[in-house]
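# Structure assessment
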Amino acid sequence: MQTEVIMSGFGGQGLMMIGKLLAYAGLEEGKCVTWLPSYGPEMRGGTANCTVVVGDKPVGSPLITSPKAAVVMNQPSLEKFAPMLRKDGLLVVNSSMIPIKSDREDIRSFRIKANDVAAELGNRRSANLVMLGAYLGLDEVVSHETLLKAIDKSFEAKKQFLEGNRKAFMQGYERAKAGQSDE
Amino acid sequence: MAKVLMKGCEAIGEAAIRAGCRNFFGYPITPQTEVPEYLAKRFPEVGGIFVQAESEVAAINMLYGGAGVGKRVLTTSSSPGISLMAEGVSYIAACHLPIVLVNIVRAGPGLGGILPAQSDYLQATKGHGHGDYKLLVLAPSSVQEAVDLIYEAFDLADQYLTPVMVMGDGMIGQMMEPVEFPEMRDLGSLPSKSWAATGARGRKPNIINSLYLKEEACNANSWKLKEKYDEIVKKEKRSEAYACDDGELDVLMVAYGTMARICKTAADEVRREDKKKIGVFRPISLWPYPYEALAAEARKAKRILVVEMSTGQMVEDVQLAVLGSKPIDFYGETGGVVPSPDDVAAKLRE
C-alpha cells in the first residue's frame, strides 16, 4: 500500500510544515516515506507545495503526477491539482479561501473553512493544522495519535504554540470524521 | 542509531562530518545551498572550518590548499559553479590530492534554471577540466545512498589520491527521506599523509606542484595518473540491477540517480498492468562506468531504453556496453522537466 498526497497553498500558509509532520509520523510508524518540496518558479505562481509519499515498501518515484490525495489551501492550488488527482482520489479544500469547486465527479471532495475554524480557536495561523487534521480524518494513512506525537516533537522548542496546534489538528480531524463538509 | 528524517543536502553535510571532514569551502547556489547552511551551523559544534569564499574559483583553490596540508576537504555546488571549479580540480588531480566535491545538478546550459536535471553527465565523466585526468563519479538515487556514498567518497579520495565527485540532481538535494548515519570517524584513525605540506622541520620538504616544464616529467605524471585510473576502473565499478532476474526481458531500462527510481515505478506499473517484463539497470559509479555488468543484463533484453533528465548524454556509454547487439531507444526531458512514471510507462508501451 502506498499513499501520495500533495499539499499546496500560498507560501506562508504552512503547507511544507504539515507535509513534514505527516512524513515524521510515517517514519515514526516505521513506514517508508519521502517529502519532496517545490522549490522552483511554480512557487511564484501561488502553489508552494510538497509531495508526501507514505508506504510499506521503499518509495520509487518521489515525484507524483497523479496523487491519491490533495490538500489545497488556495484557489490556484485547487485549479492545478484537482485535475491531476487519481480517479476516486481525495480533495481536501480550504473553503475559507476557495469559493469554487472542482467539477470532477469521480473524486471525493471535502470542504472545510480552515481559516475560520482556526480563528475560532484563537490561533489564525493554525489553519494548516486544521487541514492536516481533516485529511487524516478522511484517510488515516498514519494514526492520528502518532501524528499528535509528531506535533509534540516539532513544537518542543515553541511550547506556547503546541496546545493551539494540537487543538486545531483535532478540530479538523473530528469534523472530517463526522463528515461535516461545508457546502 | 535510529533513522531521522532529513533533507538530502543536510544529510550530505552530516555524512561529511561523520567521514571526518572538518573543512568546507564553497559558495551558495540553488539547489544545494542547504549544505553550506547546515555546515555553517554544525561545524562550530565539532571544531570544523567553514569558509564562504568570494567565488567558486576561490573555493576550489582553498580545497587545493586544504587537501595539500592533508585535511579532508569538501565543496558542494551546482552546475554553473562546478564549471567555474574545473580549472582548480584539474590542478588538484594533477597533484594527486584527495578532495570530495558534490554537484547537485540543476538545469543548463548557461545559467539555466534551478530545477533538477542530469545534464552534467558528460562534464563529470568525460571532461570537466583540462588535461589527462578523471573524476571518480558516484550517483546516489536516495538520501540514504547519498549519505553512504559521501562517507565512502572520502575514503576513496584518500585511497587513490584523487578528486571524487558525488553527483545528484536537485531532487536528491531537496527531498527529505529517513536516513541512518554511519558512526562518527575518529579523526585519529584517518589515513596518515606523509606527502602533505605540513612544515618541513626535520625532514625533506614535500612539494605539491602541477607545473612540469620538462616534457618527460609531464608525460610521466600523466602516465602515473593513468595507472591509477586503470586500477580504479578495475576495482570501483558499481551498479544495481532491478527486476532483471526472470529470464528474457521485453525492455531493459538504463537510468541513474532519481531518474532510476522513477523508472522503477514505471517498470512496476507496466509489469503489473501489461504483463511485460521490464528491468532497470542503474549505474552507481558513472565513472568508472559499469560496462560489463550492463552488457550482462542487456543480453537478456529485446531492447534497451535509456532514460535521462538530459538530451541523451549517457547513451554513448550504453552503446559502448552493448556494442550494437541490441536496439537502443532514448527518452529524456531536461531544463527542469522531470519525466513522470506515467511518461516513462508510455515510452515502455510504444
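This one's a predicted model, so the numbers in the text were calculated from it and none came from an experiment.

## What to know about the overall build of chain B
Looking only at helices and strands, chain B features 12 helices and 14 strands. Relative to a compact globule of 350 residues, whose C-alpha radius of gyration would be 20 Å, chain B shows 21 Å and is just as compact. Its C-alpha atoms give chain B principal-axis dimensions of roughly 70 × 50 × 40 Å. When the accessible surface of chain B is totalled, it reaches about 13,900 Å², and 53% of it is carbon and sulfur. Taking the average place of the 39 positive charges on the side chains of chain B and the average place of its 45 negative ones, the gap between the two points comes to 4 Å.

## Considering the packing of aromatic side chains
Enumeration over the complete set of coordinates arrives at 6 aromatic pairs over all chains. The ring centre of Trp35(A) lies 5.1 Å from the NZ or CZ of Lys20(A), which sits over that ring.

## Here's the deal with the environment of Glu29(A)
All names here are of chain A. By the element assignment, glutamate 29 lies in the loop between α1 (15-28) and β2 (32-37). The class of glutamate 29 is partly exposed, set by a relative accessible area of 29%. Taking C-alpha positions, glutamate 29 is 7.5 Å from threonine 146, a pair spaced 117 residues apart along the chain. Setting aside residues up to four positions removed in sequence, glutamate 29 forms contacts with Val141, Val142, Ser143 and Thr146. A distance of 2.5 Å separates polar atoms of two side chains, one belonging to glutamate 29 and the other to threonine 146.

## Some remarks on the sheet that holds strand β10 (residues 249-254) of chain B
Residues and elements named next belong to chain B. Reading across the sheet, the 5 strands line up as β9-β11-β10-β13-β14 and stay open at both edges, with mixed pairing between neighbours. The open sheet has two edge strands with one neighbour each: β9 (239-242) and β14 (328-332). Averaged over all neighbouring strand pairs, the angle between strand axes comes to 20 degrees, with direction disregarded. Of the pairings in the sheet, the one linking β10 to strand β13 (residues 301-308) comprises 5 bridges and is parallel in character. Looking across to β13, one finds that leucine 252 is bridged to isoleucine 304. Packing against the sheet, helix α10 (residues 291-298) makes contact with β9, β10, β11 (278-283) and β13, and its axis sits at approximately 160 degrees to β10.

## Observations regarding the interface of chain A and chain B
Contacts between the two partners involve 19 residues from chain A, matched on the other side by 25 residues from chain B. Taking both sides of the interface into account, the surface hidden between chain A and chain B amounts to around 1,700 Å²; carbon and sulfur atoms contribute 72%. Elements supplying a minimum of two residues to the side of chain A that touches chain B: α1 and β2 of chain A. Its residues placed into classes, the side of chain A that touches chain B shows 12 nonpolar, 6 polar and 1 charged.

## Some remarks on empty space enclosed by the protein
All names here are of chain B. All told, the structure shown has 3 cavities of 30 Å³ or more when counted by the stated rule. Quantified by volume, the largest cavity comes out at close to 50 Å³. Taken together, Val105, Ala117, Gln118, Pro140, Met167, Gly168, Asp169, Ile172, Tyr256, Gly257 and Thr258 form the lining of the largest cavity. Here the lining of the largest cavity takes 3 residues from strand β7 (residues 163-169), the largest share from any one element. Looking at which domains feed residues into the lining of the largest cavity, each of domain 1 (4-189 + 209-235) and domain 2 (240-349) supplies at least three. Taken together, Lys71, Arg72, Val73, Pro98, Ile99, Val100, Phe154, Ala157, Asp158 and Lys193 form the lining of the second largest cavity. Mapped onto the lining of the second largest cavity, the elements with two or more residues apiece are β5 (99-105) and α6 (143-160).

## Observations concerning the packing of helix α4 (residues 127-138) of chain A against helix α6 (residues 159-177) of chain A
Residues and elements named next belong to chain A. Taken N-terminus to C-terminus, the directions of α4 and α6 make an angle of 40 degrees; their axes are 6 Å apart at the nearest point. Crossing geometry of α4 relative to α6 is assigned as right-handed. Seen from α4, the contacting residues are Leu129, Val130, Leu132, Gly133, Ala134, Leu136, Gly137 and Leu138; seen from α6, they are Asn165, Ala168, Phe169, Gly172, Tyr173, Ala176 and Lys177. Residues that form the contact of α4 with α6 fall into these classes: 10 nonpolar, 4 polar and 1 charged.

## Considering the domain arrangement of chain B
Residues and elements named next belong to chain B. Each domain of chain B was delimited in the assignment, giving domain 1 (4-189 + 209-235) and domain 2 (240-349). For domain 1 versus domain 2, the separation of C-alpha centres amounts to 27 Å. Contacts between domain 1 and domain 2 engage 31 residues on the former and 24 residues on the latter. Here domain 1 meets domain 2 over a buried area of about 2,400 Å², counting both sides, of which 57% is carbon and sulfur. When residues of domain 1 are sorted by the area they lose upon contact with domain 2, Gln118, Tyr121 and Ser141 head the list and together hold 30% of the total. Summed over the shared surface of domain 1 and domain 2, the number is 3 salt bridges. Linking domain 1 with domain 2 are 15 residue pairs in polar contact (both at pLDDT 80 or more), by the criterion used here. For the side of domain 1 that touches domain 2, the secondary structure elements donating two or more residues are α5 (121-125), β6 (136-138), α6, β7, α7 (170-174) and α8 (215-235). For the side of domain 1 that touches domain 2, a count of residues per class yields 20 nonpolar, 5 polar and 6 charged.

Each value, and the rule that gives it
- Residues numbered from 1 in each chain as written.
- Chains lettered and ligands numbered in written order.
- Predicted model: local features only at pLDDT ≥ 70, side-chain atom pairs only at ≥ 80, totals over all residues.
- Heavy atoms only, no water.
- Helix = DSSP H or I, 4+ residues; strand = E, 2+ residues; numbered from the N terminus.
- Rg over C-alpha atoms; globule rule 2.2 N^0.38 Å.
- Areas by Shrake-Rupley, 256 points an atom, 1.4 Å probe, with all protein chains shown as cover.
- Lys, Arg positive; Asp, Glu negative; His and termini not counted.
- Charge placed at Lys NZ, Arg CZ, Asp CG, Glu CD.
- Phe/Tyr/Trp six-rings, centres within 6.5 Å; stacked < 30°, edge-to-face > 60°.
- Lys NZ or Arg CZ within 6 Å of the ring centre and 35° of its normal.
- Buried < 20%, exposed > 50% of the residue type's maximum accessible area, 1.4 Å probe, protein only.
- Contact = heavy atoms within 4.5 Å.
- Polar contact = N/O pair within 3.5 Å; in protein donor to acceptor, adjacent residues only side chain to side chain.
- Pairing = 2+ DSSP bridges.
- Axes fitted to C-alpha atoms, helices over the stretch in contact; angles between N-to-C directions.
- Buried area = accessible area lost by both parts, 1.4 Å probe.
- Nonpolar A, V, L, I, M, F, W, Y, C, P; charged D, E, K, R; others polar.
- 1 Å grid on protein atoms, 1.4 Å probe; cavity = no way out; pocket = protein on both sides within 12 Å on 5 of 7 lines; lining within 4 Å.
- Points joined across faces, edges and corners; volume = space filled by probe spheres on them.
- Domains from an automatic or database assignment.
- Left-handed = near helix turned anticlockwise from the far one by under 90°.
- Salt bridge = Lys/Arg side-chain N within 4 Å of Asp/Glu carboxyl O.

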